[in-house]
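Now for the letters of each chain:
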Amino acid sequence: MLEVKDLHVTVEGSEILKGLNLTVNPGEVHALMGPNGAGKSTLSAVIAGKDGYEVTSGEILFEGKNLLEMEIEERALAGILLGFQYPVEIPGVKNIYLLKAALNAQRVARGEEEIPAPEFMKLVREQLSFMKMDGSFLQRAVNEGFSGGEKKRNEILQMLVLQPKLAMLDEIDSGLDIDAMKVVAEGINSLRNADRAILMVTHYQRLLEHIVPDRVHVLVDGRIVKSGDKDLANELEARGYEWVLEESAA
C-alpha cells in the first residue's frame, strides 16, 4: 500500500529525513518510534502533503501511484488521513458539517451519490456512542474548547466516519489519561482490517499494549535503523534508545 524509497526531506534548509525506506502492506499496523527530532512526525506530514516540507530526493508510492505528484486534497480523497498530535481548532465550523462535507467529498470522488441525511446521522451517532462522546459534540465548533482527550477522540471519530485506507496517527496517545487511552485504542483497533494500513508515531510502549503492532521501526537521525515486532517496543521501554544509537553509529 505504501512504499517510501530513499526519501530525503528538508525543513527550512535543514535535512530531516536522510534516505528513509519503509514498506507498509494492507492489513498491517506499523509503529514509528525514536528519540525527539529523529523525523517521525516529518514522515507522516510529508505523506499527508503538509506544507513546509521539501522533498529533495526519493519517492513515495501509494497503491503504486506517485504520491508526491498529488495535491493534499487528492491524497485525502484517495484515502489518506492524518490524525494530528495537536489537533487544530476551527471556530465557526461545526463538527457535524465537517464530517458530512468530508464524507460526501470522498463519495463524490468515488462516483457515488452523497449520503442521505438519515443514513449519515445514524452512522455518526453509532460512532459517537462507540467513542463514548456526547451528542452535543456534533454541534460544537471543531475542537474549540475541547480538552486534550476530547480532541484526540474527535480525531478518531473522524477516522471512523471516513474509513481511510491509510490512517496515520501522530502521537495520538500524548496527553491522554488511562480511560481516554483505552477508548482511543478501541477506536483504532476497530479500524483494523485486511484492506487498511495504520501507521502510528509514538514515544510510549503503553499505547502498543492496547494496539499491538505488526512491525515496530526505530528512527534515528532521519533513517530507520532498526525494525522488529512488538518485542522491540518492549525492549526500548526497558533499555531506552541508547543501545540503538550505539548500534547505528557502529
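The numbers attached to residues start from 1 for each chain and follow its sequence in the written order. Totals for whole chains, interfaces and linings use all residues, but because this is a predicted model, local features are given only for residues with pLDDT of at least 70 and pairs of side-chain atoms are given and counted only at 80 or more. Values reported for side chains reflect all heavy atoms of the structure, with hydrogen atoms and water molecules removed beforehand.

1. A closer look at the pattern of salt bridges
Salt bridge, as used here, is a side-chain nitrogen of Lys or Arg placed within 4 Å of a carboxyl oxygen of Asp or Glu. Per the counting criterion, the structure on display carries 11 salt bridges. One salt bridge connects Lys18 with Asp221, and the closest N-O pair in it is separated by 2.7 Å. Taken as a pair, Lys18 in strand β2 (residues 14-24) and Asp221 in the loop between β11 (215-220) and β12 (223-228) lie far apart in primary sequence, 203 residues in all. Linked through salt bridges whose partners overlap, the residues forming this network are Glu3, Lys5 and Glu59. A helix here means a DSSP run of H or I that spans at least four residues, while a strand means a run of E at least two residues long, and both kinds are numbered starting from the N terminus.

2. A word on the sheet that holds strand β5 (residues 65-66)
Paired strands, in this sense, are two strands between which DSSP finds at least two bridges. A sheet is described by the order of its strands in space; here 4 strands give the open sequence β2-β1-β4-β5, paired in antiparallel fashion. The two strands at the open ends of the sheet, each matched to only one other strand, are β2 and β5. Examined bridge by bridge, strand β1 (residues 2-11) and β2 share 8 bridges and lie antiparallel to one another. Along β2, the bridge assignment pairs Val9 with Leu17.

3. A word on unusual backbone geometry
We note that Asp6 has phi near 45 degrees; this positive angle belongs to a residue other than glycine. Within the element layout of this structure, Asp6 appears in strand β1. Its identity is not glycine, yet Asp221 carries a phi of approximately 50 degrees, on the positive side.

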